[in-house]
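Working through the structure, step by step
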Amino acid sequence: MAGSEGPLKGIKVLDLSRILAGPTCTQLLGDLGASVIKIENPTTGGDDTRQWGPPYVEDADGNRSDLSAYFMAANRNKKSVAIDISTPEGQAQVKRLAAHADIFIENFKPGGLAKYGLDYASLSQEFPSLVYCSISGYGQTGPNASKPGYDLMAQGYGGIMSLTGDPDGAPMKVGVGIADVMCGMYASVGILAALRHRDHTGEGQQIDLALVDTQIAWLINEGVNYLTSGDVPQRRGNGHPNIVPYDVYETADGHVILAVGNDGQFRRFCDFIDHPKLADDPRYATNPARLEHRETLNAVLRPALQSRDTAAVIAGLEACKVPVGPVKTLDQVFATDQVAARQMQIAMQAGPGEVQLIGNPLNLSRTPVTYRNAPPEFGADTQAVLNAENPFDD
């Protein structure tokens, strides 16, 4: 297939990020064909997430490697190079690599790299075409710029926790580090935009990205609901702020997700649960009316669904074209034929042995993603990279 080496083949990424936001970005760039060199601190044993386990990959003898599941989730298609940037030698090594790089990405505290001469102001003088991406908790400016930032803090500060969880319970974080992941996604978009500018003008630039800013950005409709109405949104559990019924409902043997998006679907749904008159009731006939009378409507819907088996509800509503779906556990997710068909679980050969990873969801018809290198053990590529004339060559 044409372009099978990836649309970003030839792009070189020097990655001084760790944890999740930066590594998510650079893994995505690597999947798309970019060559990524990950710089890890030899005084700490590398990326913090190498110690965020169990679980860990074990070798054939049962010995634990430094490949935690958390680390592997965001670090394939990279080379690991151990460099102590606090030393003059380490700084010189990073600058030599930066001379070959198109992209430099870091997530140190604002100003933290200046003492090493690796900040944007310093490197842009030597390498004016370099695209330099800085990820931090609150950004390079503003009153909170010096504060550390972590996913949980971003979810709290940026408001998503106030919208998540049971209405009568405590504010709740999302079950994965979604603020980090979304920040990494925004970073990849910003980097690609900056590369296009660089290709047209020869001019690099700095991308200043904050966990909190990106978390606020993906408040989406709830954020704009507040800005439009002035009303502070409340937690609704799995309920939707603008659509009813759109929620998780208990069945006789589990749960189903119901997502009724228009009045026609609602009428067909009412027929299915043997309550056809609900669709003509002025309290429920339109979505705005259903929003106003959410609780009284659910008082009818919940017992109607609790009397039916999950499989019967899903089959019946699918037959009448009402959006419905299951709530799966991860063992059920990865056992589905849909995951197999879409190649969302992949196997790669790492140092200790075969590892199972989540696939990249991008499906490009001409330049598909590639899985060239498994997540590396700490420092595995140090000598090969530092001794190479072209250190980014795969």
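Residues numbered from 1 in each chain as written. Predicted model: local features only at pLDDT ≥ 70, side-chain atom pairs only at ≥ 80, totals over all residues. Heavy atoms only, no water.

Quick look at the packing of aromatic side chains
- This structure, assessed with the given rule, holds 4 aromatic pairs.
- Both rings, one in Trp52 and one in Tyr70, keep their centres 5.0 Å apart while their planes meet at 85 degrees; by these two values the pair is edge-to-face. Remark: Tyr70 occurs in helix α2 (residues 69–72) and Trp52 occurs in the loop between β2 (35–40) and β3 (56–58); sequence separation between them is 18 residues.
- For Tyr70, a relative accessible area of 31% corresponds to the partly exposed category.
- Among the aromatic residues, those joined into a cluster by ring pairs are Phe104, Tyr120 and Tyr132.
- Sitting over the ring of Tyr56, Arg64 keeps its end group 3.8 Å from the ring centre.
- Arg308 extends its terminal NZ or CZ atom over the ring of Phe272, reaching a point 5.5 Å from the ring centre. (Phe/Tyr/Trp six-rings, centres within 6.5 Å; stacked < 30°, edge-to-face > 60°. Helix = DSSP H or I, 4+ residues; strand = E, 2+ residues; numbered from the N terminus. Buried < 20%, exposed > 50% of the residue type's maximum accessible area, 1.4 Å probe, protein only. Lys NZ or Arg CZ within 6 Å of the ring centre and 35° of its normal.)

Side note on helix α10 (residues 263–272)
- Of all the residues in α10, the buried ones are Gln265, Phe266, Phe269 and Cys270. One face of α10 carries all of its buried residues, which in axial projection span an arc of 140 degrees.
- With a side-chain oxygen positioned 3.1 Å from the backbone nitrogen of Gly264, the residue opening α10 is Asn262.
- Remark: Asp274 follows α10 within two positions and exhibits a positive phi of approximately 65 degrees. (Arc of directions from axis to C-beta. Polar contact = N/O pair within 3.5 Å; in protein donor to acceptor, adjacent residues only side chain to side chain.)

Let's talk about the sheet that holds strand β7 (residues 131–136)
- A sheet is described by the order of its strands in space; here 6 strands give the open sequence β5-β2-β1-β6-β7-β8, paired in parallel fashion. If you trace the sheet from one side to the other, it starts and ends with β5 (79–82) and β8 (205–210), each paired once. Within the sheet, the average angular offset between the axes of one strand and its neighbour, ignoring direction, is 20 degrees.
- Sheet analysis places strand β1 (residues 12–16) next to β2, joined by 4 bridges and oriented parallel. From the neighbouring strand, Asp15 faces β2, where its bridge partner is Lys38.
- Contacts from helix α1 (residues 21–31) reach β1, β2, β6 (103–106) and β7 within the one sheet, and its direction differs from that of β6 by about 155 degrees.
- Packing against the sheet, helix α7 (residues 178–201) makes contact with β6, β7 and β8, and its axis sits at approximately 165 degrees to β8. (Pairing = 2+ DSSP bridges. Axes fitted to C-alpha atoms, helices over the stretch in contact; angles between N-to-C directions. Contact = heavy atoms within 4.5 Å.)

Comments concerning the environment of Asn298
- Secondary-structure assignment places Asn298 in helix α12 (residues 294–306).
- For Asn298, a relative accessible area of 7% gives the class buried.
- Apart from the residues within four sequence positions on either side, Asn298 is in contact with Tyr249 and Pro303.

Comments concerning the environment of Gln306
- Relative to the helices and strands, Gln306 is located in helix α12.
- Among the residues examined, Gln306 registers a relative accessible area of 37% and is labelled partly exposed.
- Residues Gln306 and Gly254, spaced 52 residues apart in sequence, show a C-alpha to C-alpha distance of 8.8 Å.
- Contact partners of Gln306, with chain neighbours within four places excluded, come to Glu250, Thr251 and Ala252.

Re the layout of surface pockets
- Its volume calculated, the largest pocket comes out at about 1,300 Å³.
- Along the wall of the largest pocket there are 32 residues; nearest its centre are Gln27, Ala73, Ala74, Ile358 and Gly359.
- Mapped by element, the contributors of at least two residues to the lining of the largest pocket are α1, β3, α2, α7, α14 (330–334) and β13 (354–358).
- By residue class, the composition of the lining of the largest pocket is 23 nonpolar, 7 polar and 2 charged. (1 Å grid on protein atoms, 1.4 Å probe; cavity = no way out; pocket = protein on both sides within 12 Å on 5 of 7 lines; lining within 4 Å. Points joined across faces, edges and corners; volume = space filled by probe spheres on them. Nonpolar A, V, L, I, M, F, W, Y, C, P; charged D, E, K, R; others polar.)

All we've got here are geometric facts, nothing functional implied.
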